[in-house]
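The chain contents come next:
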Amino acid sequence: MDKRTRVLNAMNKLGVDHVPVGFWFHFSGEEEVGETCVQAHLKYYRETDLDFLKVMNDHYAAYPIPEITCAADFAKIPPMTADHPFIAEQVERARRIVQEIGQERCVFYNIFAPFSNLRNGAQLHRVSDADVMRYLKEDPASVMKGLDVVAQGCALLGELLITEAGCDGIYFCVQGGEHGRFTEEEYRKYIMPSDLYVLEHINRYSDNNILHMCGWAGKANHLEFWQNYPAKVYNWAVHVEGLDLEEGRYFAGGRTTLGGFETLWDGRKMQGLIYHGTKEEIQAYTRELILNHGKTGLMLGGDCTVDAAIDWEHIRWVVEAARSL
């Protein structure tokens with residue numbers, strides 16, 4: 001079975017010869033942009049022999065918004081067109097990668113949810129996360145208007161990544177569900193509409209999309225906020241949320257699940273077996289994940305992004321073990 005068939009079968013809960021494996025990390029420095037970024041992704045894929053590749057949106061994590069000095073400024077965010085560098089350059093990055101390896105395996109592209117894009121864009125103007133939350137409470141109409149515009153830009157980006165670049169789907173990262181930030185009523189009112197706008201739009205062009213319920217900071221989330229989001233595959237931080245893969249497939253309504261490996265890092269320490277385990281330990285853990293869950297409806301990967309300093313050989317050990325069953 002080739003890699004494309006293996007991954008698409010896994011996503012659609014069909015039979016596979018082996019459980020597919022994929023890990024990813026953020027590229028930095030010269031490898032964040034242009035052809036150097038393309039070649040860095042290709043080198044990583046070829047040297048680890050992964051079953052699929054998630055292309056990172058490095059250098060484009062912050063949505064380009066005008067200066068924010070008060071809540072009303074969010075309502076002035078202009079719509080984005082396809083020729084804007086934020087969209088056009090990401091589409092070109094993905095197109096080049098798909099051109100090189102898309103025939104042999106699936107390519108997904110990372111898009112942050114509108115709320116994350118909005119917060120990251122505001123931080124470029126020294127507007128903190130706490131400031132954004134304060135503005136949202138002071139003037140929800142203005143902030144939500146801006147969020148709607150950002151959602152439209154994210155949706156357009158996702159559409160073009162699929163229709164023009166040739167990506168198989170989107171890896172859609174939702175954040176903001178950590179305990180203490182929003183009540184369920186607040187999240188449904190302020191944030192969920194923009195999430196669903198993007199997901200429902202990209203599902204018109206490909207339904208092979210992955211939902212990432214992000215626990216990157218090691219903080220547990222209200223996973224129930226995202227439980228019924230329309231994505232084919234669910235990925236969450238197993239070790240942060242305390243929800244393992246076997247339990248998680250019921251939480252996900254029987255959808256395919258992606259994950260299983262702890263990948264927490266903060267720039268100083270790397271936490272998880274994938275970083276520090278021996279070959280024997282990592283491969284035994286990999287086989288245990290597969291045997292406990294079963295091969296159908298499973299894709300192996302991380303709780304979130306791995307540290308870029310990871311030894312790639314450790315990833316090859318996971319791939320090797322998965323293909324032994």
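Residues numbered from 1 in each chain as written. Predicted model: local features only at pLDDT ≥ 70, side-chain atom pairs only at ≥ 80, totals over all residues. Heavy atoms only, no water.

Caption draft 1: Structural view of the pairing of strand β6 (residues 256-261). Taken across its six residues, β6 has six buried, putting it largely inside the fold. Note: β6 against strand β9 (residues 298-302), five bridges, orientation parallel. Each residue of the ladder has a partner; that of G260, found in β9, is G301. (Buried < 20%, exposed > 50% of the residue type's maximum accessible area, 1.4 Å probe, protein only. Helix = DSSP H or I, 4+ residues; strand = E, 2+ residues; numbered from the N terminus. Pairing = 2+ DSSP bridges.)

Caption draft 2: Layout of the environment of G272. Note on placement: G272 falls in the loop between β8 (270-271) and α11 (273-276). Since its relative accessible area comes to 13%, G272 is described here as buried. Along the chain, G272 and W216 lie 56 residues apart, while their C-alpha atoms are 13 Å from each other.

Caption draft 3: Structural view of the sheet that holds strand β3 (residues 169-174). Spatial strand order, β1-β2-β3-β4-β5-β6-β9: seven strands in an open sheet with parallel pairing. Lying at the two open borders of the sheet, with one neighbouring strand each, are β1 (52-55) and β9. Pairwise comparison of adjacent strand axes, ignoring direction, gives a mean angle of 25° for this sheet. Against the sheet, helix α8 (residues 192-202) makes contact with β3 and β4 (210-213), and its axis sits at roughly 170° relative to β3, the strand it touches most. (Axes fitted to C-alpha atoms, helices over the stretch in contact; angles between N-to-C directions. Contact = heavy atoms within 4.5 Å.)

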